[in-house]
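Listed here are the chains, written in short residue letters.
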Amino acid sequence: MWWLLAMVMSDAGMVMNANSDTLPRGCDAISRDYEFSIEGGRAHAAGHPGLIFGLSQHELRVEPCSRLTVSFSNLDQVRHQWMVHGLPKYLYPGGMFHIEANGGATMTGTFIVPGDDRTYLLHCDMAQHMEKGMKGQLVVGRGSGDLWSVKGQSDAFVRDDYLPASVPRWSLFMVFLGAVLVFTASRLRRR
Ligand SMILES: [Cu+2]
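For clarity, every value in this text was computed on a predicted model and none was experimentally measured.

Q: Quick rundown of the overall build of the protein chain? Include the residues and the values.
A: Looking only at helices and strands, the protein chain has one helix and eleven strands in total. Listed N to C, the secondary structure of the protein chain is β-β-β-β-β-β-β-β-β-β-β-α in terms of helices and strands. Relative to its length of 191 residues, the protein chain is extended, with a C-alpha radius of gyration of 25 Å against a globular reference of 16 Å. Seen along its three principal axes, the alpha-carbon backbone of the protein chain occupies a region of about 95 × 40 × 25 Å. Out of the 191 residues belonging to the protein chain, those deemed buried represent 38%. Pairs at least 24 apart in sequence give 67% of the contacts found in the protein chain among residues at least 6 apart.

Structure representation (structure tokens):
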């Protein structure tokens, strides 16, 4: 079980809870091998008001019992992470698989997903980075529904509803309507 606590650390960053050969319960074999190259950084928030950071891919869809090798490239100078939550704790301490890449670095790690249909949170855990755009979802099989506030996939939990462009026109109309009502009412009283 030595690999359970395995943590690869280097100048470029670290990989925690890598698992390339132990099958989750209920999996008879590795169903498929995936390789993903994912970038994280400010460049991937461009054009999305309110976001500062982003991922090149905010949703990954994979088959149950598949093995994912993820190369995570950090395009910024600050640290970024690519972290999956909710994995089985008997296999991944804390339920996590975690890649951290220092500024400008790329780190690669492998893990195996369980066999049930489920949607897992993936994010960067640096303070405020998830809230500022580094949030995604890993959909295994049919998944278990979209997470909220995943860029390009789902709506924000609290949506910033800026006033629509027609508000000034409607305001003027309501003021006019009010004036007409007051005028009419005063005419009626005078009779
Ligand atoms: Cu980050």
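Q: So, the state of the cysteines: which residues are in play, and what are the values?
A: Two cysteines joined by a covalent bond between their sulfur atoms form a disulfide. Following the criterion strictly, the structure yields one disulfide and no others. Two residues, Cys27 and Cys65, share a disulfide whose sulfurs are 2.1 Å apart. Every disulfide takes its handedness from the sign of the S-S torsion; for Cys27 and Cys65 that torsion is -85°, giving left-handed. Pair noted here: Cys27 is in the loop between strand S2 (13-16) and strand S3 (33-41) and Cys65 is in the loop between strand S5 (59-62) and strand S6 (67-74), with a separation of 38 residues, a long-range link. With respect to burial, Cys27 and Cys65 carry one shared label: buried.

Q: Can you lay out the pattern of salt bridges for me, pointing to particular residues and giving the numbers?
A: Counted according to the given criterion, the structure contains five salt bridges. A salt bridge links Arg67 to Asp33, with the shortest nitrogen-to-oxygen separation between them at 2.8 Å. Here Asp33 lies in strand S3 and Arg67 lies in strand S6, a separation of 34 residues in the sequence. On the basis of relative accessibility, which here comes to 22%, the residue Arg67 falls in the partly exposed class. Under the relative-accessibility criterion, Asp33 is labelled partly exposed at 48%. When the shortest N-O distance is used, the salt bridge between Arg61 and Glu59 registers 3.0 Å. On the accessibility criterion, Arg61 (49% relative accessible area) is partly exposed.

Cut-offs applied
Residues numbered from 1 in each chain as written. Predicted model: local features only at pLDDT ≥ 70, side-chain atom pairs only at ≥ 80, totals over all residues. Heavy atoms only, no water. Helix = DSSP H or I, 4+ residues; strand = E, 2+ residues; numbered from the N terminus. Rg over C-alpha atoms; globule rule 2.2 N^0.38 Å. Buried < 20%, exposed > 50% of the residue type's maximum accessible area, 1.4 Å probe, protein only. Contact = heavy atoms within 4.5 Å. Disulfide = S-S within 2.5 Å. Salt bridge = Lys/Arg side-chain N within 4 Å of Asp/Glu carboxyl O.

Note that all results are geometric; they support no functional claim without further evidence.
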